[in-house]
Amino acid sequence: MPLSVLLLGVQGSGKGTQAKRIAEEYGLARISTGDMLRAAISDGTPFGKEVKPILEGGELVPDELMIDLIRERLQKGDAKEGFILDGFPRTMPQAEALDAMLAEIGRPLSVVFELQTPDEVAIERLRRRAQEEGRADDTEEAIAKRIQLYHQETEPLVGHYRLMGNLVGIHGDRPENEVFAEIQDALEKARVA
Ligand code: AMP
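In this text the structure is predicted, and so the values were computed from the model without any measurement. (Residues numbered from 1 in each chain as written. Predicted model: local features only at pLDDT ≥ 70, side-chain atom pairs only at ≥ 80, totals over all residues. Heavy atoms only, no water.)

So, the environment of Ala181
Rules: In this description a helix means any DSSP run of H or I spanning at least four residues, a strand means any run of E spanning at least two, and both kinds are numbered starting from the N terminus.
When you line up the elements, Ala181 lands in helix α9 (residues 176-192). Sequence separation between Ala181 and Leu28 is 153 residues; the distance between their C-alpha atoms is 17 Å.

What follows is the structure, given as structure tokens:
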């Protein structure tokens, strides 16, 4: 069965970097909702115009919009060969909607990773990225908001997936290659399971 992977972790945990490596190594479609939203913003679509101020403030895009976006994305051909979700779900209603969608297509999550990174480390990485890339939501205020919302809205998903029995915790405050090696170990186990 193709792999379906979810990566949870606060912004700045190295989640995006690891998601890219996993996608490449295992030939999975990387579904990054942040990238999809940023693409809509730079294309200037009506949807992009609607979500732009939300992203800039570090707030969350409403669940209904995100759920529709993911439902459409999961129907594309590449997702059928396996996928990794990076940035979705971020709230309990999103997680419940995702569980239902995946149950419908008979593709439950193979594994859910939680990249555990202390806030101070994540904040430091985001500040560095702000200097290097100048992302619109890497301002001090938006960084603080995103981290607060992660703890408030997204962290409860860790408990949800732990109960479902497919959660693997990974210490994210280590060199990228070490983190990736541990992820690979867990993925090999999920593949033979
Ligand atoms: P990211 O690149 O994953 O850090 O996402 C950047 C921004 O996009 C977030 O701060 C949110 O404003 C928005 N966003 C991305 N994914 C979601 C989601 N699943 N639910 C709500 N907002 C999202």
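So, next bit.
Quick word on helix α2 (residues 33-43)
Because an α-helix packs 3.6 residues into every turn, residues spaced three or four apart end up facing the same way. For the record, the criterion: Whether a residue is buried, partly exposed or exposed follows from its accessible area with a 1.4 Å probe, protein chains only, as a fraction of its type maximum: under 20%, in between, or over 50%, in that order. The directions from the helix axis to the C-beta atoms are what the arc is built from. Here, two residues are considered to be in contact whenever any of their heavy atoms come within 4.5 Å of each other.
Looking at α2, one finds that the buried residues are Thr33, Gly34, Leu37 and Ala40. Seen from one end, α2 has its buried residues packed into an arc of 125 degrees, which puts them on one side. Among the exposed residues of α2, those pointing more than 90 degrees away from its buried face are Ser42 and Asp43. Structurally, α2 contributes buried residues whose contacts are with β2 (29-32), α3 (46-56), α4 (63-74) and β3 (83-86). Positioned one or two residues after α2, Gly44 has a phi angle of 70 degrees, which is positive.

Comments concerning the site of the ligand
Quick note on the threshold: Whether a residue is near a molecule or strand depends on its heavy atoms: it is near if one of them lies within 4 Å of it. Two N or O atoms count as a polar contact when they lie within 3.5 Å, although within protein this holds only if one can serve as hydrogen donor and the other as acceptor, and sequence-adjacent residues are included solely when both atoms are side-chain atoms. The Shrake-Rupley method, run with a 1.4 Å probe, gives the accessible areas here. Residue values count only the displayed protein chains as cover. Classes in brief: Ala, Val, Leu, Ile, Met, Phe, Trp, Tyr, Cys and Pro nonpolar; Asp, Glu, Lys and Arg charged; the others, Gly included, polar.
Taken together, 17 residues surround the ligand, and among them Thr33, Glu59, Gly87, Arg90 and Gln94 come closest. Between the ligand and Arg38 there is a distance of 3.0 Å, counted from an oxygen atom to a side-chain nitrogen or oxygen. Glu59 has a polar backbone atom sitting 2.6 Å from an oxygen atom of the ligand. Compared with its free state, where it exposes 480 Å², the ligand has 97% of that area covered by protein. The element best represented in the shell around the ligand is α2, accounting for 4 residues. A class-by-class count of the residues in the shell around the ligand yields 6 nonpolar, 5 polar and 6 charged.

Some thoughts on unusual backbone geometry
A cis amide bond, omega 0 degrees, links Phe88 with the succeeding residue Pro89. Position of Pro89 relative to the elements: it lies in the loop between β3 and α5 (92-104).

Observations regarding the pattern of salt bridges
Rule in force here: Any Lys or Arg side-chain nitrogen found within 4 Å of a carboxyl oxygen on Asp or Glu counts as a salt bridge.
Tallied over the full model, the rule gives 16 salt bridges. We note a salt bridge from Asp35 to Arg38, for which the minimum N-O separation is 2.9 Å. Residue Asp35 and its partner Arg38 are both found in helix α2; the two are separated by 3 residues, about one turn of the helix. Salt-bridge contacts for Arg127 lead to Glu124; the nearest nitrogen and oxygen are separated by 3.5 Å. Note that Arg127 and Glu124 are positioned in helix α6 (residues 119-133) at a spacing of 3 residues, about one turn of the helix. Note on Arg127: relative accessible area 36%, which makes it partly exposed. Several salt bridges converge on common partners, so that one network encompasses Lys15, Arg30, Asp35, Arg38 and Asp86.

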